[in-house]
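Next come the chains, spelled out residue by residue.
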Amino acid sequence: MDSLVYLVLPQLLLVLFGTLLGIWAILMRRTDLNLESGAVRLGRVGAAMFVLWLVLVTVAQRQVPVLEPGQLMYYLAGLIWLGQCYSQLRVNQRLFAVLPLLGVLTLMVVGLVMGLRPDDVARTSLLGTAAAVHVSLSLAGVGMLLGCGVYGAGHVILHHHISRRQFDAWFNRLPSLGDLDRLRRLSLTTGSALVILSLASAMAWSSARSGSTETVVSHLHPMLLLSVLLVALLLIDRFRWLSTRNLAVLCVVMSVLVLALLTVSVVEIFVGRFA
Amino acid sequence: MRLELIGLNHRVAAIEVREQASLSPDQVEGALRGMVGVGNLDGAAILSTCNRTELYLSPREHFPDEELRRLYCRLTGLEEEFARTAYVLRDDEAIRHLVRVSAGLDSQMLGEVQIIGQLRDAYTRAQDVGATNNILNKALTRALEAGKDVRNRTGISQGAVSVASAAVQMAQRIFGNLEGRRVLLVGAGETARLAANHLGGQGVTDWRVANRTEGNARVVADLLGGRVVSFPPSPEDVDWADIVVSATGASDPVIAGDPCLQKLRKRRRSLLLLDLAMPRDIDPALGQFDDVFLYTVDDFNELVEANLQQREKEARRAESIVDKHVDEFVAWYRQNRVAPSIQRLHQVLEELRRQEVERNRKRFTAEDHEQLEKFSVALMKKVEGLFASNLRQSSLQDDSLSMAEEVVRAVAREGEDADVQEVLKQLRQEGSH
């Protein structure tokens, strides 16, 4: 069971997503609607396999995959892909699927290199429902916000092509500016809500764990900062203080920041006082 | 049975000749009813569009060229001198042409999609009057499949190839679905109406129309179900719209000025300005904002050119898909040609078997008769299977007829049967073609 959960299935998923990237690489060079719909179906198989892995790993270690940095990376990769499949149901992503796929593969490789098998130290500090809820909400929120950044990047790319009259594959096979904007707003709103919820759950988790406000404040610094930024971004979006292109650029910047804050948070959990 | 075609298209005939050769759906049905089942002809289908009128025929034996041309003239009412330029294609060449037509590779506008619907109509019409046979059913079905396959697996039909459709393509790149989008139409001439038609076809229903002559604006607004606004349009009207199409004959820009600039500077929604006029109607300064996309006729020409080049590139890939479909059909077609010979061979062998069993029946006891029957049937099937397999194999290399003749001759010497002689006669006839 251990080998299946920590080695075989994760590596199979990596192969599947690698194959998917290969297919999309072919589709970047030529149009093939049959191959494209095949790639979409294969992506759904990947999402289903990830859910299976998630269930198995949760059963095996009696905790969602948050016990190791490697597990967190892998978990985040899967959540991003689930979000991508959900977005695909709303708007046909076409060539755009390449961007999240690259992110997913990078996170999976990093996760596998760091190792998925939990050690005993981490197990004691991160077991429990509160930890599972906080980290899952946090990762899902971060995943959505990273998606928001990627949609922003797509918007900037397509805007550039339309403005500069570059009629190439990216011009023809990205979702429209309107669709990208819709997806960006959806992921920003959902991601912000999830991050704020995870902030609340983190407070509960940290208080329950140590009873020390110092610990809570220390761990929540990055998340508080992120929440403030997100609220500001939501206000800018709501009241249209910037052009859609500039807003997209801001979302890209925000997602880079989110990635940095995630890293800080993970380091703090696994290397800092929680370890 | 054979497959052949005769036709005229945009490559070999001027539009006047094509017009004359063109047949209405009623005329096509009448022609098919009159042709099929008469003499040598076993099946027929007619494809008649603005760019081609082609007869697809499946006769028992090929018609001579001259006879085909006469038939074409009789059906279309074309004078014989024009029919001389008509192309006649047979068997492999005929199916290749049909598949290329379906794929849009033989169209005036490379990769056009209407042809596949027109071919489907032609097939349905031929089926409705009972004019198709096995060969034509297979050929037309294969061509339709190939057409779909080519469009699914290549980008040959993608990208606009006219200025009006390029404008729609650009609008879709910016807004996605155009349903519910608001359009301000400036001008009521032919270009403006054409662009409006294309946008209307994509679901745009909310219109405002501005034109120097209000009466003309009203006519267009009534057609579109929109309302008339002042000319030149106010900054509020421009800001109201998602898409502005301007195509007037004005010598100075009609959408310009500081108020308009001020309005668009504050705008935070995408606005597509389509300037289809020459000289230009829209001040280029309006295109400076992030959310405003200003496109002129030159830009659309560039887009159309890029799309055409892309289609040319995709055509090379489409040809390889066509090859695959043609090869599969040709393999079936050649095997199908030896099917009657195999059937006749079966009859001959079965008769021989039956005679031999009867002749030797008295040498066996009554209990053994059933075993004798089973044994002889099994043996006959093995021998027949061997011959049939050889025939089918060699038919793929196109020397099926000599092979078939040898096989049946061998059987005929043994059986001295009248049917066998008939088979030989038939095969000799096939061999002569």
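Bear in mind the structure is a predicted one, so any value in this text is a computation, not a measurement. (Residues numbered from 1 in each chain as written. Chains lettered and ligands numbered in written order. Predicted model: local features only at pLDDT ≥ 70, side-chain atom pairs only at ≥ 80, totals over all residues. Heavy atoms only, no water.)

Peer 1: What is the right way to look at the packing of helix H5 (residues 91-103) of chain B against helix H6 (residues 114-128) of chain B in this model?
Peer 2: Relative orientation and spacing of two packed helices are given, respectively, by the angle between their axes and the distance between those axes. All names here are of chain B. Remark: H5 packs on H6, axes separated minimally by 7 Å, with the N-to-C direction vectors making an angle of 125 degrees. Classed by the angle they form, the pair H5 and H6 counts as oblique. Residues Leu98, Val101 and Ser102 of H5 form the contact with H6, whose participating residues are Ile115, Ile116 and Leu119. A class-by-class count of the residues in the contact of H5 with H6 yields five nonpolar, one polar and no charged. (Axes fitted to C-alpha atoms, helices over the stretch in contact; angles between N-to-C directions. Helix = DSSP H or I, 4+ residues; strand = E, 2+ residues; numbered from the N terminus. Parallel < 35°, antiparallel > 145°, perpendicular 65-115°, else oblique. Contact = heavy atoms within 4.5 Å. Nonpolar A, V, L, I, M, F, W, Y, C, P; charged D, E, K, R; others polar.)

Peer 1: Explain unusual backbone geometry here, please?
Peer 2: What you tend to see is this: most non-glycine residues have negative phi, and most peptide bonds are trans. Cis geometry is adopted by the peptide bond preceding Pro232(B), which originates at Phe231(B) and carries an omega value of -5 degrees. Looking at the secondary structure, you find Pro232(B) in the loop between strand S7 (227-228) and helix H11 (235-240). The linkage connecting Met278(B) with the following residue, Pro279(B), adopts the cis geometry, with an omega of 0 degrees. As for its position among the elements, Pro279(B) is in the loop between strand S9 (271-275) and strand S10 (292-296). For Arg240(A), which is not glycine, the phi torsion reads 50 degrees and is therefore positive.

Peer 1: Would you mind showing me how to read the sheet that holds strand S3 (residues 52-59) of chain B here?
Peer 2: Whenever strands of a sheet pair, they do so through backbone hydrogen bonds, lying parallel or antiparallel. All names here are of chain B. What the four strands build is an open sheet, ordered S2-S3-S1-S4; its pairing is antiparallel. Of all the strands in the sheet, just strand S2 (41-48) and strand S4 (87-90) have a single pairing partner and so form its edges. When the angles between neighbouring strand axes are averaged without regard to direction, this sheet yields 15 degrees. Sheet topology note: the S2/S3 ladder contains seven bridges and is antiparallel. (Pairing = 2+ DSSP bridges.)

Peer 1: Which parts of the structure should I look at to understand helix H12 (residues 258-266) of chain B?
Peer 2: Structural remark: α-helix, 3.6 residues per turn; residues separated by three or four positions point the same way. Residue and element names in this part refer to chain B. Buried residues of H12: Cys260, Leu261 and Leu264, and no others. Mapping the buried residues of H12 onto a view down its axis gives an arc of 100 degrees, with all of them on the same face. The outward face of H12, more than 90 degrees from its buried face, is lined by the exposed residues Asp258, Pro259 and Lys266. Turning to H12, the residues buried within the fold contact H11, S9 and S10. (Buried < 20%, exposed > 50% of the residue type's maximum accessible area, 1.4 Å probe, protein only. Arc of directions from axis to C-beta.)

Peer 1: Would you explain the sheet that holds S9(B) in this entry?
Peer 2: Residues and elements named next belong to chain B. A sheet is described by the order of its strands in space; here six strands give the open sequence S7-S6-S5-S8-S9-S10, paired in parallel fashion. Bordering the open sheet on either side are S7 and S10, each of which pairs with just one other strand. The strands touched by helix H13 (residues 297-360) within the sheet are S9 and S10, with S10 carrying the most contacts at an inclination of about 80 degrees.

Peer 1: How should the packing of aromatic side chains be read in this particular structure?
Peer 2: Residue and element names in this part refer to chain A. Going through the model one piece at a time under the given rule, you end up with nine aromatic pairs over all chains. Ring plane angle 80 degrees and centroid distance 5.3 Å describe the contact between Phe17 and Trp81, whose orientation is recorded as edge-to-face. Residue Phe17 is found in helix H1 (residues 2-29), and its partner Trp81 is found in helix H3 (residues 69-90); the two are separated by 64 residues along the sequence. Both residues of the pair, Phe17 and Trp81, belong to the buried class. Plain terms: the ring middles of Phe50 and Trp53 are 5.8 Å apart, the flat faces sit at 35 degrees to each other, and that makes the pair tilted. One end of the pair is Phe50 and the other is Trp53, both in helix H2 (residues 33-61) and three residues apart, which spans about a single turn. Both residues of the pair, Phe50 and Trp53, count as buried. (Phe/Tyr/Trp six-rings, centres within 6.5 Å; stacked < 30°, edge-to-face > 60°.)

Peer 1: What's the story with the nonpolar core in this structure? I'm lost.
Peer 2: Grouped burial of nonpolar side chains is what soluble globular proteins tend to show. Core analysis: the biggest nonpolar cluster contains 67 residues, and Phe17(A), Trp24(A) and Trp53(A) have the highest contact counts within it. For this core, the secondary structure elements donating two or more residues are H1, H2, H3, helix H4 (98-114), helix H6 (129-163), helix H8 (177-210), helix H9 (213-238) and helix H10 (244-271) of chain A. Not counting the four nearest positions on each side in its chain, Phe17(A) is found in contact with Gly46(A), Trp81(A), Leu101(A), Val104(A), Leu105(A) and Met108(A). Counting 64 residues, the second largest nonpolar core, distinct from the first, contains Met35(B), Ala45(B), Ile46(B) and Leu55(B). (Core = buried A, V, L, I, M, F, W, Y, C linked by side-chain atoms within 4.5 Å.)

Peer 1: Is there a simple way to think about empty space enclosed by the protein in this case?
Peer 2: With a probe scaled to a water molecule rolled over the atoms, the places where space remains empty come into view. Residues and elements named next belong to chain A. Under the definition given, this model contains three cavities of 30 Å³ or more. Lining the largest cavity are 15 residues; nearest its centre among them are Ser138, Val142, Met223, Leu262 and Ser265. When contributions to the lining of the largest cavity are tallied by element, the ones reaching two or more residues are H6, H9 and H10. Top contributing element to the lining of the largest cavity by residue count: H10, with six residues. Broken down by class, the residue content of the lining of the largest cavity amounts to twelve nonpolar, three polar and no charged. (1 Å grid on protein atoms, 1.4 Å probe; cavity = no way out; pocket = protein on both sides within 12 Å on 5 of 7 lines; lining within 4 Å. Points joined across faces, edges and corners; volume = space filled by probe spheres on them.)

Peer 1: Help me understand the environment of Gly149(A), please; the structure alone is not making it clear to me.
Peer 2: Residues and elements named next belong to chain A. In this structure, Gly149 sits in helix H6. On a C-alpha basis, the gap between Gly149 and Leu188 in space is 8.7 Å, while along the polypeptide they are 39 residues apart. Contacts of Gly149, omitting those with residues within four sequence positions, involve Cys251, Val252 and Ser255.

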